[in-house]
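The lines below spell out each chain.
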Amino acid sequence: MTPSEIQSIKQRFGIIGNAPSLNYAIQVAAQVAPTDMTVLITGESGSGKESFSKIIHALSPRKHGQFIAINCGAIPEGTIDSELFGHEKGSFTGAQEARKGYFEVTNGGTIFLDEIGEMPLGTQARLLRVLENGEFIRVGSSKVQKTDVRVVAATNVNLLDAVREGRFREDLYYRLNTVPITVPPLRERGDDIYLLFRKFATDFSDRYRVKPINLTPDAVQELQRFRFPGNIRQLKNVAEQMSVLETDREVDARRLRNYLPADQSSRLPMLVHAAGAATDGAGNAYSERDLLYKVLFDMRRDMTDLKKLVLDLAGGGRPHEAQELLRQNSHLFSSVNVAPYEGGAAARPLRQPSPENGSNEYILHSRDLTVDDSAEYEEEAQRVEDIPHETEEETLSLEAKEKEMIIKALKKHNNKRKYAAHDLGISERTLYRKLKQYDLEQA
Ligand SMILES: Nc1ncnc2c1ncn2[C@@H]1O[C@H](COP(=O)(O)OP(=O)(O)O)[C@@H](O)[C@H]1O
Ligand SMILES: [Mg+2]
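No experiment lies behind these values; they were computed from the predicted model shown. (Residues numbered from 1 in each chain as written. Chains lettered and ligands numbered in written order. Predicted model: local features only at pLDDT ≥ 70, side-chain atom pairs only at ≥ 80, totals over all residues. Heavy atoms only, no water.)

*Asks:* Looking at this structure, I do not really get the site of ligand 1. What am I missing?
*Replies:* The environment of ligand 1 is made up of 16 residues, and the closest members are Ile 16, Gly 46, Lys 49, Arg 233 and Lys 236. Backbone polar atom of Gly 46 to an oxygen atom of ligand 1: 2.7 Å apart, as the coordinates give it. In the model, an oxygen atom of ligand 1 is placed 3.1 Å from a nitrogen or oxygen of the Gly 48 main chain. Notes on ligand 1: free accessible area 560 Å², of which the protein chains cover 81%. Breaking the shell around ligand 1 down by element, the ones donating at least two residues are helix H3 (49-58), helix H9 (192-208) and helix H11 (231-245). When residues in the shell around ligand 1 are grouped by element, the largest group, 3 residues, is from H11. Taken together, the residues of the shell around ligand 1 sort by class into 5 nonpolar, 5 polar and 6 charged. Residue assignment places the shell around ligand 1 across two domains, with domain 1 (3-184) and domain 2 (187-264) each supplying three or more. (Near = heavy atom within 4 Å. Polar contact = N/O pair within 3.5 Å; in protein donor to acceptor, adjacent residues only side chain to side chain. Areas by Shrake-Rupley, 256 points an atom, 1.4 Å probe, with all protein chains shown as cover. Helix = DSSP H or I, 4+ residues; strand = E, 2+ residues; numbered from the N terminus. Nonpolar A, V, L, I, M, F, W, Y, C, P; charged D, E, K, R; others polar. Domains from an automatic or database assignment.)

Okay, structure coming up:
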């Protein structure tokens with residue numbers, strides 16, 4: 001494939017960047033497209049997997065057939081078989097009519113199965129069968145039917161880990177992985193980071209009718225050093241927030257840092273995202289306090305695990321490793337200090353926003369939560385002994401808050417779980433689980 005052919009694919013599908021790893025992934029997609037081979041696209045969340053599925057379909061002889069994208073993580077376990085393979089009338093409560101599944105409807109086309117790692121084991125068995133010989137059976141039927149569908153799957157997790165843990169069928173893994181495409185994470189794309197930033201800054205300046213944000217050289221460096229755990233989706237969010245919030249269109253490294261969470265490996269980009277949602281002016285949007293809680297939920301899990309580990313190390317005669325672990329994760333522990341132990345009293349921001357940062361409140365606070373305050377870990381180390389009771393209390397009060405937030409999110413979105421889950425920064429599957437856990441299924 002010539003460089004200009006790759007270039008024209010990028011143009012057609014709106015893909016920005018020149019990183020060799022990106023070009024290679026595009027080349028593989030274009031080469032495999034005309035075949036009927038199954039493709040597995042692997043890449044971190046937000047790295048741009050979706051475009052690859054579109055390239056494969058559009059450059060294949062199936063291009064006039066249907067293309068359906070299905071997020072396996074978003075369909076409840078109880079209905080996914082019927083969605084994919086259809087069902088007969090009366091096959092389960094509520095099945096008043098027979099219904100065709102996607103594999104039947106898309107005959108002659110392509111199905112994109114996103115988040116394939118979330119597919120339940122039973123569905124995996126059905127999928128394997130349809131991949132092997134094109135056969136499927138509607139739920140509640142015994143009639144074997146045939147279909148001709150090309151499958152492109154995507155995952156943001158290492159499926160082999162899932163195989164090892166028994167959550168993903170090994171035979172299916174190898175069947176899907178006939179042709180692997182690896183979408184590189186943004187942090188490995190070098191100059192593309194700034195290229196993408198400028199593209200997004202221009203797009204948003206058009207949309208909001210403002211001058212585009214311009215980065216000073218030190219800010220460009222800062223941007224390229226950042227790890228971007230949320231990849232291009234996160235970069236886009238950052239560009240959008242800056243376009244809206246910055247009054248001075250010339251942004252230096254110091255100001256840019258307000259948008260880049262200090263702990264690059266944490267899940268805080270979710271908050272950056274949430275902050276955008278909070279300011280979108282939708283009636284009863286989340287308060288700043290809610291946002292703090294949201295971050296805390298994410299961190300709670302990490303923290304509980306971490307605390308156990310620290311205790312194990314300390315108890316196992318490895319105090320230095322325990323200390324080191326605490327130091328590395330001091331951001332998690334310092335965040336505990338703003339946790340709502342007081343039970344009900346409003347969480348108070350760690351630091352008031354300075355006047356010059358007026359409009360950046362949310363972002364500032366999120367940074368405050370992650371500030372790498374090494375003084376804190378010593379204090380925390382002293383408290384290691386108290387951990388068991390502390391964790392329990394904290395869990396209880398956080399759970400109450402979590403429940404409250406779920407109810408709030410559902411209300412805000414008129415009980416549309418999809419949007420509520422999105423707003424909460426969790427998958428729909430997780431939301432279903434939590435609704436069950438908190439006995440909120442009627443909500
Ligand atoms: N190379 C790229 N150039 C421009 N935009 C991109 C690029 N890659 C991803 N995007 C954009 O980033 C966002 C996230 O991409 P998406 O395909 O949804 O990620 P994933 O499915 O891997 O989580 C989308 O808005 C997408 O349009
Ligand atoms: Mg996706």
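*Asks:* Please clarify how helix H6 (residues 121-133) should be interpreted in this entry.
*Replies:* For H6, which comprises 13 residues, the first-to-last C-alpha distance of 19 Å matches the rise-based estimate of 18 Å (1.5 Å per residue) to within 8%. The complete set of buried residues in H6 reads Thr 123, Gln 124, Leu 127, Leu 128, Val 130 and Leu 131. The buried side chains of H6 occupy one side of the element, clustering within an arc of 170° when seen end-on. Buried residues belonging to H6 abut helix H4 (80-85), helix H5 (102-105), strand E3 (110-114), strand E4 (135-137), strand E6 (150-155) and helix H8 (170-176). Phi for Gly 134, located one or two positions after H6, is positive at around 75°. (Expected span 1.5 Å × (residues − 1). Buried < 20%, exposed > 50% of the residue type's maximum accessible area, 1.4 Å probe, protein only. Arc of directions from axis to C-beta. Contact = heavy atoms within 4.5 Å.)

*Asks:* In this structure, what is going on with the packing of aromatic side chains? I would like to understand it.
*Replies:* Between two aromatic rings, the relevant description is the distance of the centres plus the angle of the planes. Overall, the coordinates contain 5 aromatic pairs when judged by the stated rule. Ring centres of Phe 85 and Phe 103 lie 5.1 Å apart, and the angle between their planes is 10°; on these two criteria the pair is classed as stacked. With a gap of 18 residues between them, Phe 85 in helix H4 and Phe 103 in helix H5 connect regions that are remote in the sequence. Judged by relative accessible area, Phe 85 falls into the buried class, the value being 1%. On the basis of relative accessibility, which here comes to 1%, the residue Phe 103 falls in the buried class. (Phe/Tyr/Trp six-rings, centres within 6.5 Å; stacked < 30°, edge-to-face > 60°.)

*Asks:* Help me understand the packing of H9 against H11 in this model?
*Replies:* Geometrically, a packed helix pair is captured by the angle between its two axes and the distance between the axes. The N-to-C vectors of H9 and H11 enclose an angle of 45°; their axes lie 9 Å apart at closest approach. Here H9 is positioned oblique relative to H11, judged by the angle of their axes. The two elements H9 and H11 cross, and the hand of that crossing is right-handed. Across the interface between the two elements, Ile 193, Leu 196, Phe 197, Phe 200, Ala 201, Phe 204, Arg 207 and Tyr 208 from H9 touch Ile 232, Leu 235, Lys 236, Ala 239, Glu 240, Met 242, Ser 243 and Val 244 from H11. Its residues placed into classes, the contact of H9 with H11 shows 12 nonpolar, 1 polar and 3 charged. (Axes fitted to C-alpha atoms, helices over the stretch in contact; angles between N-to-C directions. Parallel < 35°, antiparallel > 145°, perpendicular 65-115°, else oblique. Left-handed = near helix turned anticlockwise from the far one by under 90°.)

*Asks:* For this particular structure, what's the right way to read the pattern of salt bridges?
*Replies:* Opposite charge on two side chains permits pairing when their charged atoms draw close. Summed over all chains, the structure comprises 17 salt bridges. Of the charged contacts, one joins Asp 81 and Arg 126 as a salt bridge, the two residues approaching to 3.3 Å between their closest N and O atoms. You can see Asp 81 sitting in helix H4 and its partner Arg 126 sitting in helix H6, a full 45 residues away along the chain. The exposure class assigned to Arg 126 is partly exposed, which follows from its relative accessible area of 27%. A salt bridge links Glu 132 to Arg 175, with the shortest nitrogen-to-oxygen separation between them at 3.2 Å. Of this pair, Glu 132 sits in helix H6 while Arg 175 sits in helix H8; the two residues are 43 residues apart in sequence, bridging distant segments of the chain. (Salt bridge = Lys/Arg side-chain N within 4 Å of Asp/Glu carboxyl O.)

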